[in-house]
Amino acid sequence: MSTLCRLCAHVKQFSRPICASKDVCRTLLSDAYRCHDAWMNRLQSPILSKVAFNEFILDVYNKFEKGKGNILDLDILTNKIENVHDKEVEFMDRILQKETPDGSQVSRSIIHGIVRGYIDNNLTDSLLPMIKTKITYGLHLDVLSANILMDHFIKKEMYHEASQIAYDMMLQEDFSNQVTNILSLYSTTKLLYHPIEQESSKQEAGEGIGELDNCHQSQHSTVQSEMKKEMSLLQKRILMDTQQQEMANVRKSLQTMLF
């Protein structure tokens, strides 16, 4: 506990980027960490450069609707995310659900394309629910995509969102990357100084508990209904057995009297 307190004090002391001078300012991760130029150069390949996202997403969506979609189309699509509108976000959501119906992990190229594309198009609000619902979308972050996301949220002082990425990485139980560990610790520690985000976390937790209660009530009602049906069938069976036994006794008595 004392170690955590010292860490909190340290984070509070250096809560702003460390600036060596007025002209040089360094945040947690440098801009070079994203390798943005290398990523953009990769998209200049003959195949990707000819793809217009707004037209291609409609073609891919129609293919998946007809059951003819393939992973290559999805890979190209996610690496060309740009100028996304609300309807196209909905298309992306449906395409990913159809591609990963069993929650199986999609390729790293697709994950990085989605993460980078959604960050560049200010769609991280739509990205977080997709990352959480792995059984539907299969988005298992690696250390690089997780670090990019956490750094993005930290720079925008969105510590609650950054902590959700840290929590996601914790569930994977991979603590081999020191940068991921530091960003995760920084995000969760900074969250302690932002009670508004903590309140929203409590609200989300309360909503989760409410959903769990509703689920339990629904299951309880279902079990009760099934038990009533089984009891009714059992009563009918007992009644029939009793009637048959009584008829057998009557027949036996008649046979005794007559013979």
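Values in this document were obtained by computation on a predicted structure and should not be read as measured data.

### Let's talk about helix H12 (residues 178-191)
Inference 1: Look at H12: 20 Å from first C-alpha to last across 14 residues, which is about the 20 Å you get at 1.5 Å a residue.
Inference 2: Along H12, the positions that sit buried rather than exposed are Thr180, Leu183, Ser184, Tyr186, Ser187, Thr189, Lys190 and Leu191.
Inference 3: A distance of 3.1 Å separates the backbone nitrogen of Val179 from a side-chain oxygen at the start of H12, and that oxygen is part of Asn177.

### Remarks on the side chain of Asp168
Inference 1: Counting through the fold element by element, Asp168 comes out in helix H11 (residues 159-172).
Inference 2: Those residues in contact with Asp168 that sit more than four places away from it in its chain are Ile131, Lys134 and Leu141.

### Some points on the environment of Met169
Inference 1: If you trace the backbone, Met169 turns up in helix H11.
Inference 2: When the C-alpha atoms of Met169 and Ala146 are compared, they prove to be 7.6 Å apart, with 23 residues separating the residues in sequence.
Inference 3: Excluding residues that lie within four positions of it along the chain, Met169 makes contacts with Leu141, Asp142, Val143, Ala146, Asp174 and Thr180.

### Considering the packing of helix H10 (residues 143-155) against H12
Inference 1: The interhelical angle for the contact between H10 and H12, taken along N-to-C directions, is 30 degrees, at an axis separation of 10 Å. With respect to their mutual orientation, H10 and H12 come out roughly parallel. The two elements H10 and H12 cross, and the hand of that crossing is left-handed. Contacts between H10 and H12 involve Val143, Asn147, Met150 and Ile154 from the former and Val179, Thr180, Leu183, Ser184, Tyr186 and Ser187 from the latter.
Inference 2: A class-by-class count of the residues in the contact of H10 with H12 yields six nonpolar, four polar and no charged.

### Thoughts on the pattern of salt bridges
Inference 1: Applying the stated criterion across every chain, the model contains five salt bridges.
Inference 2: A salt bridge links Arg34 to Asp120; its shortest N-O distance comes to 3.3 Å. Here Arg34 is found in the loop between strand S2 (25-26) and helix H2 (36-42), whereas its partner Asp120 is found in helix H7 (residues 108-120), with 86 residues between them in sequence.
Inference 3: According to the relative accessible area criterion, Arg34 is partly exposed, its value standing at 21%.
Inference 4: One salt bridge connects Asp142 with Arg108, and the closest N-O pair in it is separated by 2.9 Å. With Asp142 in the loop between helix H9 (134-137) and H10 and Arg108 in helix H7, this pair connects stretches of sequence that are 34 residues apart.
Inference 5: You can call Arg108 exposed: its relative accessible area is 55%.

### Some remarks on the packing of aromatic side chains
Inference 1: One pass over the full model with this rule turns up zero aromatic pairs.
Inference 2: A cation over a ring is seen here: Arg116 above Trp39, with NZ or CZ 4.6 Å from the ring centre.

### Side note on the packing of H11 against H12
Inference 1: Two elements in contact, H11 and H12, have axes whose closest approach is 8 Å; the angle formed by their N-to-C orientations is 135 degrees. Compared by their axis directions, H11 and H12 come out oblique. Handedness of the H11/H12 crossing: left-handed. Residues Tyr159, His160, Ala162, Ser163, Ala166 and Met169 of H11 lie in contact with H12, whose contacting residues are Thr180, Ser184, Ser187, Thr188, Lys190 and Leu191.

Cut-offs used in this document
Residues numbered from 1 in each chain as written. Predicted model: local features only at pLDDT ≥ 70, side-chain atom pairs only at ≥ 80, totals over all residues. Heavy atoms only, no water. Helix = DSSP H or I, 4+ residues; strand = E, 2+ residues; numbered from the N terminus. Expected span 1.5 Å × (residues − 1). Buried < 20%, exposed > 50% of the residue type's maximum accessible area, 1.4 Å probe, protein only. Polar contact = N/O pair within 3.5 Å; in protein donor to acceptor, adjacent residues only side chain to side chain. Contact = heavy atoms within 4.5 Å. Axes fitted to C-alpha atoms, helices over the stretch in contact; angles between N-to-C directions. Parallel < 35°, antiparallel > 145°, perpendicular 65-115°, else oblique. Left-handed = near helix turned anticlockwise from the far one by under 90°. Nonpolar A, V, L, I, M, F, W, Y, C, P; charged D, E, K, R; others polar. Salt bridge = Lys/Arg side-chain N within 4 Å of Asp/Glu carboxyl O. Phe/Tyr/Trp six-rings, centres within 6.5 Å; stacked < 30°, edge-to-face > 60°. Lys NZ or Arg CZ within 6 Å of the ring centre and 35° of its normal.

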